[in-house]
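Below, each chain spelled out in residue letters.
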Amino acid sequence: MKVEHLASKEEDEKRGTVKVVNGRYKPSGLFHYISLNTPIKDENGTLMGITNPRDMTYIHSYGGEAVFFEGLGKGKLIASRCDNPDCVTKGSIYMPFRIHCPDCLAKNTPVDITDRARGGNVHSFMITERTGAFNTLPTPIKFVNVEFEGVCTILMGALAVGEPKMDMKVTPIFRTGDPQYIITDMLWVPVGTPADQLPEHYTF
Ligand SMILES: [Zn+2]
């Protein structure tokens, strides 16, 4: 029996994909991969154990947040608003997108706040050299907390150009050229950044 890493081009083409049929997920292809193990030995070369490399494809359902992630690839920042007339916080706008109102638990209405987000204010920021696994952002990562006029929550994102400063004005850029449908489809740049300084695939 031959066991080898399943990362060849042929195998890669068998990578799992999911369709929705009659409202249900229909997976097809490979969702689990095994790779060759490696021995773990002590200083004298005595076998102590093995590594067991395993790789899997996780199916991440966006549910009611799908409208937010789809918007990013179209250059839109979609927030949500409580429109329940019986809610004491009716009219509150949430970014990050909240499917339900935290006060009355009614389903929120998606609202486009792209224009409002242009000229957002950096409430605070932090710079980090080390993140979790599979980081795709260049390090050090400059995280900015951005506040918007009339929005009652603050959004964290990454600054793609320049150095963060308190109260600096920033504008969102979107990975419209090649959307990945993840949060890094949206990054931030200082207001006034020329278009030719944006990262590849991103537009205002
Ligand atoms: Zn509400």
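What counts as what
- Residues numbered from 1 in each chain as written.
- Predicted model: local features only at pLDDT ≥ 70, side-chain atom pairs only at ≥ 80, totals over all residues.
- Pairing = 2+ DSSP bridges.
- Helix = DSSP H or I, 4+ residues; strand = E, 2+ residues; numbered from the N terminus.
- Core = buried A, V, L, I, M, F, W, Y, C linked by C-beta atoms within 7 Å.
- Buried ≥ 20, exposed ≤ 12 C-beta atoms within 10 Å, placed from the backbone.
- Contact = placed C-beta atoms within 7 Å.
- Domains from an automatic or database assignment.
- Arc of directions from axis to C-beta.
- Axes fitted to C-alpha atoms, helices over the stretch in contact; angles between N-to-C directions.

A. Representation of the sheet that holds strand β8 (residues 93–94) within the structure. Here 3 strands make up an open sheet; going across it, the order is β8-β7-β9 and the pairing antiparallel. The open sheet has two edge strands, β8 and β9 (109–112), and neither has a second partner.

B. Here's a closer look at the nonpolar core. In this structure, Ala79, Met95, Ile113, Val146, Val170 and Trp188 are the most contacted members of the largest nonpolar core, which totals 26 residues. Residue assignment for this core shows that the elements contributing at least two residues are α2 (66–73), β8, β11 (141–147), β13 (169–174) and β14 (186–190). Considering every element that reaches this core, the biggest residue donor is β14, with 4 residues. Excluding residues that lie within four positions of it along the chain, Trp188 makes contacts with Val144, Val146, Gly157, Ala158, Leu159, Ala160, Val170 and Pro172.

C. The arrangement of the domain arrangement of the protein chain in detail. Partitioning the protein chain into domains gives domain 1 (9–56) and domain 2 (63–197). Spacing between the C-alpha centres of domain 1 and domain 2 amounts to 34 Å.

D. Region of interest: α2. Those residues of α2 that sit buried are Phe68, Gly71 and Leu72. Buried residues in α2, looked at end-on, bunch into an arc of 100 degrees, giving them a common side. Along its buried surface, α2 packs onto β7 (78–81), β13 and β14. Positive phi shows up at Gly75, right after α2, with a value of about 75 degrees.

E. Examining the environment of Asn135 more closely. Examined against the element boundaries, Asn135 turns out to sit in the loop between β10 (120–128) and β11. By the C-beta count within 10 Å, which is 12 here, Asn135 ends up exposed. With 42 residues separating them in the primary sequence, Asn135 and Gly177 have C-alpha atoms 21 Å apart.

F. Inspection of the sheet that holds β11 at higher detail. Taken in spatial order, the 5 strands make up an open sheet running β12-β11-β10-β13-β14, and their pairing is antiparallel. For this open sheet the edge positions go to β12 (155–158) and β14, each flanked by a neighbour on one side alone. Shown here is a sheet whose adjacent strand axes are inclined to one another by a mean of 45 degrees, direction ignored. Sheet analysis places β13 next to β14, joined by 5 bridges and oriented antiparallel. Bridge assignment links Thr171 to a residue of β14, and that residue is Val189.

G. Molecular detail of the environment of Lys107. Mapped onto the elements of the fold, Lys107 is located in the loop between β8 and β9. Taking the C-alpha atoms as reference points, Lys107 and Cys152, 45 residues apart in sequence, are found 17 Å from one another. In this structure Lys107 touches Ile99 and His100, once residues within four positions along its chain are discounted.

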